Amino acid sequence: MTEADIALRPPTAGEHEAHCAVERQLAILLRRANAFSAGMGRKVHPELDPGAYGLLVRIDQSSPMRSSDLAAYLRVGRATISRQLKVLEELGLISRSPDPEDGRAHLLALTAEGRRRLDDARSAREGQLRTLLAAWPEEDVRLLGRMLERFNMLTEGMHP
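In this report, we go over the structure that sits alongside the text. No experiment lies behind these values; they were computed from the predicted model shown.

### Description of the packing of helix 3 (residues 52-62) against helix 4 (residues 67-74)
Orientation of helix 3 relative to helix 4, taken along the N-to-C sense of each, is 120°, at an axis distance of 11 Å. For the element pair helix 3 / helix 4, the angle class is oblique. Here helix 3 runs over helix 4; the crossing is right-handed. Here Leu-55, Arg-58 and Ile-59 of helix 3 lie close against helix 4, whose contacting residues are Leu-70, Tyr-73 and Leu-74.

Dropping the structure here:
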């Protein structure tokens, strides 16, 4: 059965109930994750915009990287990303250097201060997760990680 066939077939009552439960739980998770991310951003720097924590994480994962690649990854416009990056640069958390392959572009990277602050925030986040999941068996924690990875892989190419 193809994806198109699945999409056209009416869901069974059980499938409908299961998908509604996933949608409800994802909505809760996303609201809480946004609040959590905002808090993590404040741990990096008190003046950091709530969404900027995710920018720092992505720059750390993929640096050096172009701002246009960051904008494409996050599915935001170049003007939006430019404004956000300007603040990160003014706070001393990222640096820009000329792209040796394209003189018009710049490559982004964390500064030493940005790395230190991000590492400190990540350590705090890991401690919070460890506390939240302390009562879970290790295999359940690993299963959660695998399932989240599997779900994230499904959503990689989605557009709002």
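Further notes follow.
### Description of the pattern of salt bridges
In this structure the tally under the stated criterion is 12 salt bridges. With a shortest N-O distance of 2.7 Å, Arg-116 and Glu-113 are connected by a salt bridge. Here the residue Arg-116 and the residue Glu-113 both occupy positions in helix 6 (residues 112-132), the gap between them amounting to three residues, near one helical turn. Residue Glu-139 is joined to Arg-146 by a salt bridge in which the shortest nitrogen-to-oxygen separation is 3.0 Å.

### Some remarks on unusual backbone geometry
Working note: non-glycine residues mostly have negative phi, and peptide bonds are mostly trans. A cis amide bond links Ser-63 with the next residue in sequence, Pro-64, at an omega value of -5°. For Arg-75, which is not a glycine, the phi torsion comes out positive at approximately 60°. The residue Arg-75 is located in the loop between helix 4 and helix 5 (78-90) in this model.

### Overview of the packing of helix 3 against helix 5
A pair of packed helices can be characterised by two numbers: the angle between their axes and the separation between those axes. Axis separation between helix 3 and helix 5 bottoms out at 11 Å; the angle between their running directions is 85°. As summarised for this structure, helix 3 and helix 5 are arranged roughly perpendicular, according to the angle between their axes. Taken together, the residues of helix 5 that come into contact with helix 3 (itself represented by Ala-52, Leu-55, Leu-56 and Ile-59) are Ile-81, Gln-84, Leu-85 and Leu-88. A class-by-class count of the residues in the contact of helix 3 with helix 5 yields seven nonpolar, one polar and no charged.

### A short note on the sheet that holds strand 2 (residues 94-99)
The strand order 1-3-2 describes an open sheet built from three strands, whose pairing is antiparallel. Both edges of this open sheet fall to strand 1 (65-66) and strand 2, since each of them pairs with a single strand only. Relative to strand 3 (residues 102-110), strand 2 runs antiparallel, the two sharing six bridges. Note on strand 3: the bridge partner recorded for Pro-98 is His-106. Docked against the sheet, helix 3 engages strand 1, strand 2 and strand 3, running at close to 105° with respect to strand 3. The strands touched by helix 5 within the sheet are strand 2 and strand 3, with strand 2 carrying the most contacts at an inclination of about 115°.

The rules behind the values
Residues numbered from 1 in each chain as written. Predicted model: local features only at pLDDT ≥ 70, side-chain atom pairs only at ≥ 80, totals over all residues. Heavy atoms only, no water. Axes fitted to C-alpha atoms, helices over the stretch in contact; angles between N-to-C directions. Helix = DSSP H or I, 4+ residues; strand = E, 2+ residues; numbered from the N terminus. Parallel < 35°, antiparallel > 145°, perpendicular 65-115°, else oblique. Left-handed = near helix turned anticlockwise from the far one by under 90°. Contact = heavy atoms within 4.5 Å. Salt bridge = Lys/Arg side-chain N within 4 Å of Asp/Glu carboxyl O. Nonpolar A, V, L, I, M, F, W, Y, C, P; charged D, E, K, R; others polar. Pairing = 2+ DSSP bridges.

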